[in-house]
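Coordinate inspection notes
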Number of protein chains: 2
Amino acid sequence: MENFEFHRPTAYYFGAGRENEAGNIVRALNKHKVLIVFGGSSCVKSGLLSRVQQSLASAGIAYVTKGGVVPNPRADLVYELIDYGRREQVDFVVAVGGGSVIDTAKATAIGIVNDGDFFDFFLKKRQPQDTLGLGVVLTIPAAGSEGSSSAVIQKEIDGHFYKCGLSSCFNVPTFAIMNPEVTKTLPPYQTACGAVDMMAHVMERYFTNTPDVSITDRLCEAVLCSIVETVPRVLREPDNYEARANIMWAGTLAHNDTCGVGREQDWATHALEHQLSAIYDIAHGAGLAVMFPAWMEYTMAHNPMRFAQFATRVFGISMDFEEPKRTAKAGIIALRNFFKSIGMPQNFADIGAREEDIPQMLKLLGVDQHTIGHFVPLNRDDCEAIYKIAARYQG
Amino acid sequence: MENFEFHRPTAYYFGAGRENEAGNIVRALNKHKVLIVFGGSSCVKSGLLSRVQQSLASAGIAYVTKGGVVPNPRADLVYELIDYGRREQVDFVVAVGGGSVIDTAKATAIGIVNDGDFFDFFLKKRQPQDTLGLGVVLTIPAAGSEGSSSAVIQKEIDGHFYKCGLSSCFNVPTFAIMNPEVTKTLPPYQTACGAVDMMAHVMERYFTNTPDVSITDRLCEAVLCSIVETVPRVLREPDNYEARANIMWAGTLAHNDTCGVGREQDWATHALEHQLSAIYDIAHGAGLAVMFPAWMEYTMAHNPMRFAQFATRVFGISMDFEEPKRTAKAGIIALRNFFKSIGMPQNFADIGAREEDIPQMLKLLGVDQHTIGHFVPLNRDDCEAIYKIAARYQG
């Protein structure tokens, strides 16, 4: 086990109706004026946004509100929010939404109290020194951003969208209010995309070269098994509170590094997928459903036993002791079948991506200058090969 | 899933040599004078205590040091430490040791800044309002106190030792430094007692009446599987860093409520065991090894399928679909065998306990006034029956 630090101080308030405690929670933090950030109209129509606003008002907390976050959140809105928040002299940010809204809020909260261009932190030119602080009222279990130290924002530079991530303790939300009731209206496609996103967060932590971290292995397998057994129920019974609750909490655990401590992580597949999202503006989970099995096929030979462990422990496949590679392959097929069964895309055509755009993806990835991933460090040729697997896969 | 709050802000610093960072960590918290609390001579002889002291000194942090914590920690030392800490005007407490030292430090840190008798909080007469704050340098993976919101202290009242617990956010340590290297010298018996303690922490959260919390089930099973597969390795290869590391982290996860959210927990077995520790001054894990299987035998009929799930998922026992009770029983036998295989006691005789003392145990338990536990609320007759199972078990 590698040396590690684990510090996830987010206070979670989980359960029905808990958005009505937002005001008391913010007041207990000694904050007085909140910038509420949200996305589209769903949290308006559902009444969630107004419940949060009413809760703040009842607790004597002033607020200003700004919507407009889109999936694959954009830097230009963050710049607007930073200016707005500074002008309004807010002392806290609250995100009402899913990963895109939360990441926008994280970048905003950091940007308000750090000089210069906030995107410098995402380009790794310098480190943030502080954050205003943020809280979350979660609506979509997917990105796990409510408990994570990361944020992903994309910025248009010279006609291309660059999706960049920032890992920082300043990204960790102070609180996260999570009410499964508000997720009941999440459509099946978004529910499934969220499930893939969660599984991918775990899998980036599962395919590792660090040996002998069985506690973390078991935790990864636990979260993966739980998602695999719960998502079909959520899709069959979208109003089932228990199923929605299990998925919601699994999504948090998948990305707050509970499943990641003590070892090398990969993150190549996320990098590969970000270029698809950037170019085609697709849902992150949909892109991951296309890319992860392709990545797995390409890297399996590096450590077939690890893929066999995945197959047996997550999908209950019998271990072929004579020929473990068969088990390894069966696990990848099982994952593909699972993604298909929950309505996820399988290849480039399914997401409107084109093989001809691969050179552009590679350029955005920057793999002429560096490799990506750690399980198998991938160079330009590797990435090209993986994109081609994803392009050409025929169920 | 029941509504829940989960707030575990402890900052973990895990790995070889990390006790040398204690000074920087404390300084970053803006603290200036530490009360170091420790137990017996092992952390002195190993040099760990002096490394912590040197690290504090190098960071310009003043400190005073007081040892003397014993297993099954006593209130009288806490009173002394509170007085000492107040006289010395410390602004932080650091525990160097295992669960007993940490719990002593927790009670001290609370007692220093709250008026009146600290034990009132443990008797549930009133609630603490604050804590001075504490950090941990862990030496024994067992109690999970380094990340938990609980502390257990015993006080002699009218000639009897009362072991009482306090659950409070003020108990949660600010940081925990965890170096597996320092656990290599832990003798086999203490290592095994620690493993039982960890497993029991998970099992108190596993045997629940709250249905449909599969994510928490899977996490419990993950931690239990990891302990079961790692402890025999630790006993065979006590100098194996990886094995010690996995066990150390499992112990933390077992009790920081990662395995407990969203549902009813039991805690009867801990209450039953506390009376054994109080009367016979035995290791907590040893008492749990005797009591948990007895509790399981007595309560199995309440929900045989849950015990069958335990048997199949934790011990890999084949499910008997025609007669699940057989699987349930096989799981209890497997647990007994596991405890025996790691050198744990099996019955009262093995721990020097006597059936004649059961009335005293029941009196200390207070089961004339209330039941204990939630999975099956146990009254006086139930507790007596369970103690008798434990007394009379013949391997």
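In case you missed it, the structure is sitting above this.
The paragraphs below set out a description of the structure included in this document. The structure presented is a predicted model; accordingly, all values stated were derived computationally and were not measured. (Residues numbered from 1 in each chain as written. Chains lettered and ligands numbered in written order. Predicted model: local features only at pLDDT ≥ 70, side-chain atom pairs only at ≥ 80, totals over all residues. Heavy atoms only, no water.)

Notes on the sheet that holds strand β3 (residues 33–38) of chain B
- One open sheet holds the seven strands; their spatial order is β1(A)-β2(B)-β9(B)-β6(B)-β5(B)-β3(B)-β4(B), and the pairing between them is mixed. Since the sheet does not close on itself, it has two edges, and those belong to β1 (4–7) of chain A together with β4 (62–66) of chain B, each with one partner. Here the average twist between neighbouring strands, direction ignored, is 15°.
- Along the sheet, helix α5 (residues 99–113) of chain B contacts β3, β5 (92–97) and β6 (134–138) of chain B; its crossing angle with β5(B), the most-contacted strand, is approximately 170°.
- Each of β1 of chain A together with β2 (11–14), β6 and β9 (175–178) of chain B touches helix α9 (residues 241–253) of chain B; the most contacted strand, β2(B), lies at about 170° to it. (Pairing = 2+ DSSP bridges. Helix = DSSP H or I, 4+ residues; strand = E, 2+ residues; numbered from the N terminus. Axes fitted to C-alpha atoms, helices over the stretch in contact; angles between N-to-C directions. Contact = heavy atoms within 4.5 Å.)

So, empty space enclosed by the protein
- For the coordinates displayed, the defined rule picks out two cavities of 30 Å³ or more.
- In this model, the largest cavity occupies a volume close to 150 Å³.
- Along the wall of the largest cavity there are 13 residues; nearest its centre are A:Phe6, A:Thr258, B:Phe6, B:Asn256 and B:Thr258.
- In terms of residue class, the lining of the largest cavity is made up of six nonpolar, five polar and two charged.
- Quantified by volume, the second largest cavity comes out at close to 40 Å³.
- Taken together, A:Pro141, A:Thr183, A:Leu186, A:Thr191, A:Arg244 and A:Ile247 form the lining of the second largest cavity.
- Of the residues that constitute the lining of the second largest cavity, the class distribution is three nonpolar, two polar and one charged. (1 Å grid on protein atoms, 1.4 Å probe; cavity = no way out; pocket = protein on both sides within 12 Å on 5 of 7 lines; lining within 4 Å. Points joined across faces, edges and corners; volume = space filled by probe spheres on them. Nonpolar A, V, L, I, M, F, W, Y, C, P; charged D, E, K, R; others polar.)

Some details on the interface of chain A and chain B
- Each side of the interface is counted separately: chain A has 39 residues, and chain B has 39 residues.
- Regarding the contact of chain A and chain B, the summed buried area is about 3400 Å², with carbon and sulfur atoms giving 53% of it.
- Among the residues chain A hides against chain B, the three largest losses belong to A:Met1, A:Ile215 and A:Arg218. Together they make up 17% of the total.
- Along the contact surface separating chain A from chain B lie six salt bridges.
- Two residues, A:Glu229 and B:Arg218, come together in a salt bridge whose shortest N-O distance is 2.8 Å.
- There are 28 residue pairs in polar contact (both at pLDDT 80 or more) connecting chain A and chain B.
- Elements that contribute at least two residues to the side of chain A that touches chain B include exactly β1, β2 (11–14), α8 (214–236) and α9 (241–253) of chain A. (Buried area = accessible area lost by both parts, 1.4 Å probe. Salt bridge = Lys/Arg side-chain N within 4 Å of Asp/Glu carboxyl O. Polar contact = N/O pair within 3.5 Å; in protein donor to acceptor, adjacent residues only side chain to side chain.)

Thoughts on the sheet that holds β2(A)
- The strand order across the open sheet formed by seven strands is β4(A)-β3(A)-β5(A)-β6(A)-β9(A)-β2(A)-β1(B), and the pairing between neighbours is mixed. Unpaired on one side and paired on the other, β4 (62–66) of chain A together with β1 (4–6) of chain B mark the two borders of the sheet. Strand-to-strand twist across the sheet, computed as the mean angle between neighbouring axes with direction ignored, equals 15°.
- The pairing of strand β5 (residues 92–97) of chain A with strand β6 (residues 134–138) of chain A spans five bridges and is parallel. Looking at β6(A), one finds that A:Val96 is bridged to A:Val137.
- Where helix α5 (residues 99–113) of chain A meets the sheet, it contacts β3 (33–38), β5 and β6 of chain A, and its direction lies at approximately 170° from that of β5(A).

Observations concerning the environment of A:Ala195
Residues and elements named next belong to chain A.
- Assignment of secondary structure puts Ala195 in helix α7 (residues 188–206).
- Once the C-alpha coordinates of Ala195 and Val231 are considered, the two residues, 36 residues apart in sequence, prove to be 7.0 Å apart.
- Those residues in contact with Ala195, other than ones at most four positions away along the chain, are Ile227, Val231 and Ile342.

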